[in-house]
Amino acid sequence: MTVQTESAVGHAFATAAKSAAGYLDEAANSHGREKIQMVLTALTRTNTDAAHLVEIGPGGGAALDYLTDSLTRTADRPRTLDVTLIEAPGVVSQTLARAIDSYNAADLGTCTLTSGLAQHLGTILDRPVDIVAASALMHEVYSYGSGYRGIHEMMQTLPTVLKPGGHFAYRDVRTVDAATLHETVTHTYTHRGWLQFIRMFTPQYLSDSRHPYHHSGDDPIVRQNSRTVALEDIDPRTSAVITGPIGLFREIQRHYITFRDYAWRSGALGFRPYLEGLLSADWIDAAAGHKRVHFDLTEAERLSPALLKTISEPYGDHYVTDGDLFDECTDAAIVELLTSAENGDERSAAVWREWIEREGHETYVYLTLNELLTEFAITSAEANTDTVMMPRTARDVVTPERAYYTRYLRKRLPNPLPDGKQLVLFTNIPASDTQALTAGMETLRPLCSREAMARLHSALTQMM
């Protein structure tokens with residue numbers, strides 16, 4: 001996590017919360033294979049004896065661990081790969097420290113950790129690099145930095161720190177399938193936990209967080225029992241029909257998932273699932289997202305853990321149950337937790353406040369895939385580096401679905417939005433490389449709108 005500036009709405013990057021062992025050493029230390037996937041592809045295209053990789057926001061070191069393992073197991077690798085990790089000042093992780101030691105011990109090259117901010121990348125690095133990698137970076141820049149301006153500054157900086165032909169491997173939450181985040185849609189919510197979450201989360205998000213939903217048509221309209229009600233007056237016992245921008249519904253959906261994850265890890269629900277390691281992937285049907293969930297009971301005194309225990313089986317020193325049943329008990333426990341928080345229970349309220357501080361002010365979806373690809377290409381073309389950043393082949397844009405979350409969302413929401421990740425491998429293509437530019441344009445053509453392609457063509461013409 002790499003941004004630590006005060007936002008326009010008064011919220012600073014939650015350094016203390018995001019340095020906690022429960023966050024970086026556990027919550028932010030997973031999906032190493034996915035985080036490093038595009039980096040490994042970039043390495044196959046890097047023709048140098050001493051390649052240099054920079055990872056921005058290494059978290060708990062999951063990507064570095066997977067990189068170490070991958071390079072150790074293959075003979076087809078750079079002779080030397082030096083790695084520079086850039087982390088925000090004050091953010092520390094013990095698992096990252098161990099991952100650095102493991103890399104250096106593997107005799108693959110050097111790995112060093114540097115303190116700095118993503119927006120200062122150009123001053124942190126003293127020489128051009130072959131590959132820059134980042135995961136979920138831009139929503140941090142947007143939410144805690146300077147909004148869209150910060151994102152465009154990042155897009156302008158990257159081609160200046162990359163060698164011509166270098167790569168930027170980026171991974172983030174998948175955005176919505178819409179021409180714009182402001183597209184008006186109507187969603188229905190029927191589950192009490194989701195309605196209660198919307199009532200508590202959405203008003204504070206719209207009033208206190210950095211987000212783009214300020215257009216005249218962005219104000220959500222809530223209807224319950226054939227009348228219009230305010231967000232903060234939603235009755236969670238009655239279904240609600242809400243009309244608003246599709247991007248806001250994506251924020252609600254994404255934030256509910258992150259709160260559910262945080263509530264699990266806090267132990268406040270009365271049970272804690274295994275979210276990493278082999279037991280976290282005990283699939284009944286992986287393609288359908290159906291799995292067995294392994295979990296421990298915690299000391300929280302709630303009704304839901306007692307119910308969960310009766311429908312589970314002992315498994316060594318813990319319990320296991322069907323994932324669908326576990327999700328049912330989780331949502332029931334969240335209702336208990338949120339109700340207790342609203343009724344003044346300090347422990348429950350503390351869980352809510354801590355999550356709001358750590359993640360509740362972030363905006364996850366700020367660019368559609370069309371906008372992300374187009375803005376990277378155009379902004380880099382205008383950076384006076386005589387290079388353009390774009391994916392070169394269709395394989396450089398990947399949008400993997402998260403089957404487990406998709407299964408859960410389809411069972412809870414009448415209008416679930418696609419849940420997954422988007423991985424893009426940008427190449428810093430020299431303007432003189434006509435063949436590579438043509439390939440990049442062909443890759444973008446089915447992914448970007450005609451208007452976007454026209455803008456890009458204009459930007460490229462001005463470079464020539």
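Relevant structure appears above.
An account of the accompanying structure is given in this report. Here the structure is a predicted model, which is why all the values come from computation and not from measurement. (Residues numbered from 1 in each chain as written. Predicted model: local features only at pLDDT ≥ 70, side-chain atom pairs only at ≥ 80, totals over all residues. Heavy atoms only, no water.)

As for the sheet that holds strand β6 (residues 184-189)
For step 1, the next point in the chain: Across the sheet, which stays open at both edges, the 4 strands sit in the order β6-β9-β7-β8 with antiparallel pairing between neighbours. Two strands lie at the open edges of the sheet, namely β6 and β8 (227-229), each paired on one side alone. Each strand of the sheet is rotated relative to its neighbour by a mean of 30 degrees, with strand direction disregarded.
For step 2, the next point in the chain: Where strand β7 (residues 221-224) lies against β8, 3 bridges are found, and the strand directions are antiparallel. Looking at the pairing, Arg-223 lines up with Thr-228 of β8. (Pairing = 2+ DSSP bridges. Helix = DSSP H or I, 4+ residues; strand = E, 2+ residues; numbered from the N terminus. Axes fitted to C-alpha atoms, helices over the stretch in contact; angles between N-to-C directions.)

Overview of unusual backbone geometry
Residues apart from glycine generally show negative phi values, whereas peptide bonds are mostly found in trans.
For step 1, the next point in the chain: Positive phi, close to 65 degrees, is recorded for Ser-226, a residue that is not glycine.
For step 2, the next point in the chain: With respect to the helices and strands, the residue Ser-226 is situated in the loop between β7 and β8.
For step 3, the next point in the chain: Even without glycine at this site, Asn-384 takes up a positive phi of about 60 degrees.
For step 4, the next point in the chain: With respect to the helices and strands, Asn-384 occurs in the loop between α14 (369-381) and β15 (387-390).
For step 5, the next point in the chain: The class of Asn-384 is exposed, set by a relative accessible area of 74%. (Buried < 20%, exposed > 50% of the residue type's maximum accessible area, 1.4 Å probe, protein only.)

Observations regarding the pattern of salt bridges
For step 1, the next point in the chain: In this structure the tally under the stated criterion is 22 salt bridges.
For step 2, the next point in the chain: For Arg-265, the salt bridge identified is with Asp-261, shortest N-O distance 2.8 Å. In this pair, Arg-265 and Asp-261 are both assigned in helix α10 (residues 246-266), 4 residues apart and thus about one turn of the helix distant.
For step 3, the next point in the chain: On the basis of relative accessibility, which here comes to 17%, the residue Arg-265 falls in the buried class.
For step 4, the next point in the chain: Salt-bridge contacts for Glu-375 lead to Arg-455; the nearest nitrogen and oxygen are separated by 3.1 Å. Of this pair, Glu-375 sits in helix α14 while Arg-455 sits in helix α17 (residues 450-463); the two residues are 80 residues apart in sequence, bridging distant segments of the chain. (Salt bridge = Lys/Arg side-chain N within 4 Å of Asp/Glu carboxyl O.)

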